[in-house]
Every structure is written in structure tokens, then in C-alpha cells.
Amino acid sequence: MDASFTTHRFRVQRAFPIEPHVGSPISSKPGSRPACDRCRRLKKRCSRNLPDCAACVHAGRKCSYQVLQARVQQLTQYVSELEQERDAPVVDGWEEAQEPPNTPGRQVAESPTNILISRLEVPDQTVLVEAFFHHVYRAYPFIDEERVRGALNTTPDYDDTDSIILYMVMAIGYTSLKRSGKAPPGITAGFDIPYANIMQQCIVEESIDSIQILVLLALYSLFDPQGPSTWSIVGVITRQAMAQGLTRPTIAEDLPPKTAELRRRLFWSIFGLDRMMAVSVGATPGLVVDELDIPFPAITVEEFASSERAERASMLQVSRHVIELRQLEAKILATVHLQRRMAVSALGQTDRNAITTRLRSEIENWYSHGCLISRPELDNVRLHDTMGWLNARYYHLLLLLYYPCQFNSSTITQRNARVIALLELVKKFSQYNRVLLSHQQLPLNRVTLSRLVPACLILVYCLTRGGANSGFHGRNEIRALVDILDSFPDSWLHARRLSRIMVELDELVTGREEYPGEVNREDWLRSLRHEMVSLLGEALGKASCYQDLIDGEEQESLSYARAADESPNMSAPPFLPFEQDSSTIVFSFL
């Protein structure tokens, strides 16, 4: 009898792939190099010749490898950090942190004092502290100023809570001076903030001081692209605020008046920070308060009796105005962007127009209040009471209100009116932000970048919805946004990527690119939009509501058929008339 047998086939896995990863270094062999950015974008075969491939030479373009360079930069920075940690000298208190758990000196996990902040030599600490109270304190007046200034007169000891707060205040003040071009020349390396140590100790030791330190940490992380997510830090802060009873005004009744007032200011600072981050990333706020019974920040007896009473009163007016802005932003976010789809579909167009009109009226009232408290722009450090900041925030509110989402859906016949109106809003938004940039008053931080990404996505939306066929006039807006994005330091990789996408969008609009026969403009635009949405998910979060754009007629007819059936006579949303000049638009309500 014949013996039966079976055979097995095995695949031998190579130790290294034939084609290198995008982040791999470029080798000397042409076949091992990745394709250039343009060929990757157009999904073409790249000859991988240096310095320019055959396709780019034919189109008269220069090859670029920005995706590869960004990855190499990340790896280089990571290796540099490892080398710095290896060669760094031993700092005071590190021996205790490295002791085994059973040694007598092991107290790091039990006390919030050993945070191991680096000793940074600052020529004049007063300059940094003054910058904090001159700018940041106007929007977040939760720190006891006497306590911070008192720590200036003592010997620096960063194992003490007051010294930690002072260090964070100086670090944030340094970001304001650096933004305005007035940073002291003696500080070259900047501040080294140990995020993990600070967060660990503040979570272990829950107290008002811990919450204050975490708020300062979140404010500094806005300017640190290598730091942890500010959104995550704010989430910890909101939980601790509720655990400490900051949302209940009755707890402060038995405290001294100054202490009770500082608790109220701390709550409103957390409230404003939480709402600002929620609107920036397009997500639900973390601090959920049904009824706000907490009084707005008010002047204390000590401040009223001091010689700086007028300045304190003006500062509190600015603080209240910023709180009103955060409340209004959160209201628009919850009403326009975060409602359930079924609830939005149940609203007729008349109901939506009524809601939009009411929110628009609140925006105008907030702007008119800001005109009353704005001051002449004497310097470029103070920001929250200037007309440039007020106008930039005004048009950001309008972009939030009229963002092309399900709530603002319209019929196909109203497409051109929507495109023109949105382009006008993006134009004003980009113009005023570029004015702030030219005056060195635009903070190049996470919030600014988060506001730019949806604005860029709106431009892609306008071009997709017929802007190219009806005379797309968005090139100036594109160039303004590119100028702002290019002002970010090279360490802001998301800003670099978004700038590159906008440059390609500008090339598509102007038609300078020589399109081969197999390249389609619609496919290229679709590819740009896909990459921008992907970038939005990385920079703002995968659950950001700003990804939910109305991106096509088919989706519009499917998603909003119920609203169209209930409201057959849908009228255009009350956009700004595009033929008005800027002064008419801004001051039309006065």
C-alpha cells in the first residue's frame, strides 16, 4: 500500500524589508530610497533619482522629502535627548529618588516636595514674574500675588511648594516675553519642566496648591510641542477641582474672604481653561456643572485699599470678559457641533435660523463689551484687552457658528452663497491673526494651531463645493495661513505638515502645476483633504467634531434628507454679506 504523505510550504521572513520605511535613512542605492513627496501625493511611480526624480524634472518641480525629514528630525531629537540624559550631571535629590523602596530616605511618593526641578540661572527673575502678571494673570487670576512675590525674596529651594509655583510662573512669563521678542538674553536653554514628576506628586497629594500647580503646568504645556497633551492635563485638573469642592460655593463660606475669593478665581480659571481646550479640540468639556452658582471674580478688600485699585479693577474686567468668551464658545460648540444627529435632523430650518440668530446676537454683545474695555496697544506683551485680539476672537466665533456641519446644512442651490460667505469669514480670521503675528502678539501654541486646522479645512471644503468653477478667490487666505504656520518653530511638526498641505492647495488653485495625463485635479484635491483630515485627527484628537464636514452632495442628500422633508422651503443661513467692507462687518451692530 502506498504511503501517503503531505507537504508543507513555509515562507521565510526576511530580516529587513526590501523597501525601507518612510522614516528609514536614505541609502545610496536608488531602489532603496522612498518616493518624493510629489509622487507620493499623486500616487505616481517615482524614479528616485537625485537630486530630482524624472517626474519632477518633467513638471519643472523640485523634489522634496518633508515627510522623511520630519521623521528623521524626530529620531535625531530622541537620540539627542537620550545622550543628554546619559551625560547629565546628578542633581540634588536624585539619589533619594533612586533608592530602593525599603530605604529610610524613600519619601518621594509620599510628599509633593521632591519634584526635581532643574536649577535654572535667571539673571532677573522679577522680569519673568512681571510678564506673567502683566499678561497671563489677566485671564487666569488664581495665584496669590503676594505669595509669589514673597518667594522672590527667599533663597530658591525648588523642593518647596512656593518655589515650585514661582518656577512655573517664571516659565510661563518667559513664554510671553519670548513671543513678544522681549525675552532676557541670559536665558538660552529655556526651562526644563519635569511633567511626569509634577503630575505624579500633584495627583498623590490632592490639595488647592496641587491644583494651582497643575493649572500652571497646563498653561506652560500649551507652548511646549514636546510636552504632554494639554487636554489630558486639564482632564486631571477638572477631576481634582470637583474633588476639592470648587464647584460648590457653600464650601467657601466658612473661609477667610481672601481665601474664598481665590478659590472662586481658581474655579473660573479652570472653567475657562477647560472650555478653551474643549473648543480647540472639538470635544465635550470635562468640567460639567449644571448650575453655575459661583460668583464671577471680584476685587478683594486688600486690592481695593491698595494704590493699584484701578489696575486691579481693570484686570478683573478683562478676566470676566474672557470668561464670557469661554461660555459663549462652549455654548456654540454644544449647540452647533455636539448635538446628536437625530436631534439636529429633527430641527427645521426655521428653528435653526432662530438659534443661529440668537447666538449671533450674543456674539455681537460680547464684542461690543470688549470694545468698551479695550485699551491702546502700548506694548506687545499684553493681549487680552487689545483690539487685535478682540477682532481675531470675534471672527473665530463666527467660524464656529457657521462651520459647514450638519447643523448648517443647506440646499445645493445655496452652495455658492455658502462658499462666498465662508471665504469672507476665513479671510477676516486669517487677516486679524496675521496682524497679531506682525505685532508679535500671536501666541504660537497648541490653541492657535488648533484654530488654524479647521480654518484650513474650510478652504478645502469651499474648493470642493464648486469654488474652482465659480471663481475661487481664496489664494490670499491660503497665503495668510501659510505665513502664520511657517512662523511656528521647526519643533511643531503638525504646523510644518499643515503648511506643506496648504502650499500644495495654493498650487492647485493657481494652476501652476503641469498635470500629466493620468493625474486628475479632483483626485489631487481629494488626497489633500484626506491628509488634512488625518492631520486634524492627530493634532486635535480622533474624536474631534471638526472632522464632520459636509463634503459632498451625495452625503448631504443622505444625511439631511429628513430635515429637507420637514422644511421644504429652506432658506440660506444668515451669513455675512460678502460685499460689505471689513469696517461694516465688524461694527455693524454699533
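Residues numbered from 1 in each chain as written. Predicted model: local features only at pLDDT ≥ 70, side-chain atom pairs only at ≥ 80, totals over all residues. Heavy atoms only, no water.

### Quick word on the overall build of the protein
Consideration 1: Of regular secondary structure, the protein possesses 24 helices and 0 strands.
Consideration 2: Taken over 590 residues, the protein has a buried fraction of 49%.
Consideration 3: In the protein, of all internal contacts separated by at least 6 residues, the share reaching a separation of at least 24 is 74%.
Consideration 4: Entry remark: accessible area of the protein is about 28,700 Å², with carbon and sulfur atoms responsible for 52%. (Helix = DSSP H or I, 4+ residues; strand = E, 2+ residues; numbered from the N terminus. Buried < 20%, exposed > 50% of the residue type's maximum accessible area, 1.4 Å probe, protein only. Contact = heavy atoms within 4.5 Å. Areas by Shrake-Rupley, 256 points an atom, 1.4 Å probe, with all protein chains shown as cover.)

### Focus on the environment of proline 443
Consideration 1: Within the fold, proline 443 resides in the loop between α17 (415–438) and α18 (446–467).
Consideration 2: As for proline 443 and serine 176, which are separated by 267 residues in sequence, their C-alpha atoms are 7.9 Å apart.
Consideration 3: Those residues in contact with proline 443 that lie beyond four places of it in its chain are Arg179, Phe223, Leu383 and Thr448.

### Some details on the pattern of salt bridges
Consideration 1: Using the criterion set out here, one finds 25 salt bridges in the structure.
Consideration 2: Glutamate 145 is the salt-bridge partner of arginine 149, the closest N and O atoms lying 2.8 Å from each other. Of this pair, arginine 149 and glutamate 145 both sit in helix α6 (residues 145–152), separated by 4 residues, roughly a single helical turn.
Consideration 3: With relative accessibility at 25%, the residue arginine 149 sits in the partly exposed group.
Consideration 4: Taking the relative accessible area as the measure of exposure, glutamate 145 reaches 13% and is therefore buried.
Consideration 5: Overlapping salt bridges, with partners in common, bring together Glu130, Glu145, Arg149, Glu308 and Arg312 in one network. (Salt bridge = Lys/Arg side-chain N within 4 Å of Asp/Glu carboxyl O.)

### Some remarks on the packing of aromatic side chains
Within a pair of aromatic rings, the relevant descriptors are the distance that separates the centres and the angle that separates the planes.
Consideration 1: Applying the stated rule across the entire model yields 15 aromatic pairs.
Consideration 2: With centroids separated by 5.7 Å and ring planes inclined at 55°, the aromatic side chains of tyrosine 174 and phenylalanine 191 adopt a geometry described as tilted. Taken together, the residues span a long stretch of sequence, with tyrosine 174 in helix α7 (residues 161–179) and phenylalanine 191 in the loop between α7 and α8 (195–204) at a distance of 17 residues.
Consideration 3: Look at tyrosine 394 and tyrosine 395: their rings are 5.0 Å apart centre to centre, the planes differ by 80°, and that puts the pair in the edge-to-face class.
Consideration 4: You can call tyrosine 394 buried: its relative accessible area is 0%.
Consideration 5: For tyrosine 395, a relative accessible area of 0% gives the class buried.
Consideration 6: Three or more aromatic residues link up through ring pairs in this structure, and these residues are Phe267, Trp268, Phe271 and Phe296.
Consideration 7: The ring of phenylalanine 304 is capped by arginine 309, whose NZ or CZ atom sits 4.6 Å from the centre of that ring. (Phe/Tyr/Trp six-rings, centres within 6.5 Å; stacked < 30°, edge-to-face > 60°. Lys NZ or Arg CZ within 6 Å of the ring centre and 35° of its normal.)

### Brief notes about the nonpolar core
Consideration 1: By size, the foremost hydrophobic cluster in this structure holds 139 residues, and its most contacted members are Ile193 and Met502.
Consideration 2: Counting residues per element, this core draws most heavily on α18, at 13 residues.
Consideration 3: The next biggest cluster of nonpolar side chains, apart from the first, holds 9 residues, and it includes Ala35, Cys46, Cys63 and Tyr65. (Core = buried A, V, L, I, M, F, W, Y, C linked by side-chain atoms within 4.5 Å.)

### Points about the side chain of arginine 360
Consideration 1: With respect to the helices and strands, arginine 360 occurs in helix α15 (residues 349–373).
Consideration 2: Within the local environment of arginine 360, its side chain forms a polar contact with the side chain of tyrosine 402, the two groups lying 3.2 Å apart. (Polar contact = N/O pair within 3.5 Å; in protein donor to acceptor, adjacent residues only side chain to side chain.)

### Focus on the packing of α17 against helix α19 (residues 475–486)
Consideration 1: Relative orientation of the contacting elements α17 and α19 amounts to 35°, with a least axis distance of 9 Å. With respect to the hand of their crossing, α17 and α19 are arranged in left-handed fashion. Residues Leu423, Val426, Lys427, Ser430, Asn433, Arg434 and Leu437 of α17 lie in contact with α19, whose contacting residues are Glu477, Arg479, Ala480, Leu481, Asp483 and Ile484.
Consideration 2: In terms of residue class, the contact of α17 with α19 is made up of 6 nonpolar, 2 polar and 5 charged. (Axes fitted to C-alpha atoms, helices over the stretch in contact; angles between N-to-C directions. Left-handed = near helix turned anticlockwise from the far one by under 90°. Nonpolar A, V, L, I, M, F, W, Y, C, P; charged D, E, K, R; others polar.)

### Concerning unusual backbone geometry
Excluding glycine, residues mostly carry a negative phi; peptide bonds, for their part, are mostly trans.
Consideration 1: Of note, glutamine 440 is a non-glycine position whose phi angle comes to about 60°, a positive value.
Consideration 2: Looking at the secondary structure, you find glutamine 440 in the loop between α17 and α18.

### Structural notes on the environment of glutamine 317
Consideration 1: Inspection of the secondary structure puts glutamine 317 in helix α13 (residues 309–337).
Consideration 2: The exposure class of glutamine 317 is partly exposed, given its relative accessible area of 44%.
Consideration 3: Distance from glutamine 317 to glycine 370, taken between C-alpha atoms, is 9.6 Å for residues 53 residues apart in sequence.

### Points about α8
Consideration 1: Tyr195, Ile198, Met199, Gln201 and Cys202 are the residues of α8 that are buried.
Consideration 2: Those residues of α8 that are buried are in contact with α7, α9 (208–221) and α10 (230–243).

### Section: α19
Consideration 1: Here α19 is 12 residues long and its end C-alpha atoms lie 16 Å apart, about the 16 Å a rise of 1.5 Å per residue gives.
Consideration 2: Listing the buried residues of α19 in full gives Glu477, Ile478, Ala480, Leu481, Val482, Ile484 and Leu485. (Expected span 1.5 Å × (residues − 1).)

### Observations concerning the packing of helix α20 (residues 493–510) against helix α21 (residues 521–540)
Consideration 1: α21 packs onto α20 with a crossing angle of 160° between their chain directions and a minimal axis gap of 11 Å. When the interaxial angle is binned, α20 and α21 end up roughly antiparallel. The hand of the α20/α21 crossing is left-handed. The segment α20 lies against α21, with His494, Arg497, Leu498, Arg500, Ile501, Met502, Glu504, Leu505, Glu507 and Leu508 engaging Arg521, Trp524, Leu525, Leu528, Glu531, Met532, Leu535, Glu538 and Ala539. (Parallel < 35°, antiparallel > 145°, perpendicular 65-115°, else oblique.)

### Observations regarding the confidence of the model for the protein
Consideration 1: Across the protein, pLDDT averages 78, with 73% of residues at or above 70.
Consideration 2: Counting interchain partners and residues more than four positions distant, the pLDDT-below-50 stretch residues 3–31 has 19 contacts. (pLDDT = per-residue confidence, 0-100.)

### Observations regarding the state of the cysteines
Note on terminology: a disulfide is the covalent bond linking the sulfur atoms of two cysteines.
Consideration 1: Under the criterion given, the structure shown has 0 disulfides.
Consideration 2: Between cysteine 545, a cysteine without a disulfide, and cysteine 405, which holds the nearest cysteine sulfur, the sulfur-to-sulfur distance is 7.8 Å. (Disulfide = S-S within 2.5 Å.)

### Description of the environment of arginine 265
Consideration 1: Mapped onto the elements, arginine 265 comes out in helix α11 (residues 257–281).
Consideration 2: Between the alpha carbons of arginine 265 and serine 319 there is a distance of 9.4 Å; along the sequence they are 54 residues apart.
Consideration 3: If sequence neighbours within four positions are ignored, arginine 265 has contacts with Tyr137, Pro141, Phe142, Pro297, Ala298, Ile299, Thr300, Glu303 and Leu316.

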